[in-house]
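# Working through the structure, step by step
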Amino acid sequence: MSSSRKVVELFYDVVSPYSWLAFEVLCRYRNVWNIDLKFKPAFLPGVIYGSGNQPAGMNPSKLTYIVSDLTLLSEYFGVPMFRPSDLSDKDTLSAMRFVTALAEKEKEGDMLVERVSRELWKRKWRTHQDITQPASLTEAGLKAGLSANVVKEILSLSKSQPIKDKLKSVTQEALEYKCFGFPFIVCQVNGKAKVFFGSDRFELMAYFMGEKWMGPHPNKPTAHM
Ligand SMILES: N[C@@H](CCC(=O)N[C@@H](CS)C(=O)NCC(=O)O)C(=O)O
């Protein structure tokens, strides 16, 4: 393991199952690669349309591929997920504002963003529960270990203009890196930056950082999964 300072930023939206895979793998490698892992909650439609891209699911052949790809990847990475029967429910705006509000409140070591994002992914991609309504976000927050008072405060903050603007500005930040989809990962090592798209670039990312890719489970599978 090298001792250089490595900052890894993960731009994601909980609508994106590939982002969930990247998120869990980066959490597992955080101490192995000794990276300063920064979560960047953003809004996928903002980067898709803002970059002139199109949602991959709009192409029927791509959609068939994605469904089969995710089934195998979920097994490979040890992140159980199942395709929701209704893929049209893609509105994660309130959920991502909620996570953005948490990110603004978070103090170092809190892991609030990490825990709540995981709960939202679980609801969307494992148990197929709603993530659009305040009651659903409350449930996710409580399950992630937030107190009822904190959840209430975060919910109200998430509707404020500064938080709406913050989500927009992080999405814009991704677009400035020429992002066109998620997960989008920015690695910085000793002042050199490189961007990666996808949860399938870890080997290359490790090479760039002078680290080793040891497969999806560098330690044993994590208890919270
Ligand atoms: N090959 C990538 C695919 C990632 C992917 O398809 N991400 C979707 C969101 S879940 C996306 O942003 N797609 C835009 C595109 O493919 O242009 C991976 O394995 O992670």
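Keep in mind it's a predicted model, so treat the numbers as computed, not measured.

### Description of the overall build of the protein chain
Scanning the protein chain for helices and strands turns up nine helices and four strands. Scaling as 2.2 N^0.38, a compact globule of 225 residues should have a C-alpha radius of gyration of about 17 Å, and the protein chain matches this with 17 Å. Across its three principal directions, the C-alpha atoms of the protein chain cover 45 × 45 × 35 Å. The buried share of the protein chain, reckoned over its 225 residues, is 48%. Sequence-distant contacts, at least 24 apart, represent 74% of the contacts inside the protein chain between residues at least 6 apart.

### What to know about the site of the ligand
For the ligand, the set of nearby residues contains 13 residues, the closest of which are S16, N53, F182, S199 and D200. In this structure, S199 approaches the ligand through a main-chain N or O atom, which is 2.6 Å from an oxygen atom. Take D200: an N or O atom from its side chain is 2.9 Å from a nitrogen atom of the ligand. Contact with the protein chains covers 83% of the free accessible surface of the ligand, which is 500 Å². Going through the elements one at a time, α1 (17-29) and α2 (44-50) are the ones with two or more residues in the shell around the ligand.

### A word on the confidence of the model for the protein chain
Should the pLDDT be low somewhere, the predicted coordinates at that spot are not to be read in detail. Looking at the protein chain as a whole, the pLDDT averages 93, with 94% of positions reaching at least 70. On the interface metric, ipTM, the complex scores 0.99, and its pTM is 0.95.

### Regarding the packing of aromatic side chains
Within the structure shown, the criterion is met by 15 aromatic pairs. Judged by centre distance (5.2 Å) and plane angle (40°), the rings of F23 and F39 are tilted. One end of the pair, F23, is in helix α1; the other, F39, is in strand β2 (residues 35-41), with 16 residues separating them in the sequence. For the residue pair F23 and F39, the accessibility class agrees, reading buried in each case. Look at F202 and W213: their rings are 5.3 Å apart centre to centre, the planes differ by 20°, and that puts the pair in the stacked class. With a gap of 11 residues between them, F202 in helix α9 (residues 202-209) and W213 in the segment after α9 connect regions that are remote in the sequence. Given a relative accessible area of 2%, F202 falls into the buried group.

### Digging into the state of the cysteines
Disulfide: a covalent bond formed between the sulfur atoms of two cysteine residues. Enumeration over the complete set of coordinates arrives at zero disulfides. Here C27 stays unpaired: no disulfide links it, and the sulfur of C187, its closest cysteine neighbor, is 14 Å away. Here C187 stays unpaired: no disulfide links it, and the sulfur of C179, its closest cysteine neighbor, is 14 Å away.

### Focus: helix α3 (residues 60-77)
For α3, with 18 residues, the first-to-last C-alpha span of 25 Å sits near the 26 Å given by 1.5 Å per residue. Residues I66, D69, L70, L73, S74 and F77 constitute the buried set of α3. Axial view of α3: buried residues confined to an arc of 135°, hence all on one face. In α3, those exposed residues whose orientation departs by more than 90 degrees from the buried face are P60, S61, T64, Y65, L72 and E75. Buried residues in α3 make contact with α1 and α9.

How each quantity is defined
Residues numbered from 1 in each chain as written. Predicted model: local features only at pLDDT ≥ 70, side-chain atom pairs only at ≥ 80, totals over all residues. Heavy atoms only, no water. Helix = DSSP H or I, 4+ residues; strand = E, 2+ residues; numbered from the N terminus. Rg over C-alpha atoms; globule rule 2.2 N^0.38 Å. Buried < 20%, exposed > 50% of the residue type's maximum accessible area, 1.4 Å probe, protein only. Contact = heavy atoms within 4.5 Å. Near = heavy atom within 4 Å. Polar contact = N/O pair within 3.5 Å; in protein donor to acceptor, adjacent residues only side chain to side chain. Areas by Shrake-Rupley, 256 points an atom, 1.4 Å probe, with all protein chains shown as cover. pLDDT = per-residue confidence, 0-100. Phe/Tyr/Trp six-rings, centres within 6.5 Å; stacked < 30°, edge-to-face > 60°. Disulfide = S-S within 2.5 Å. Expected span 1.5 Å × (residues − 1). Arc of directions from axis to C-beta.

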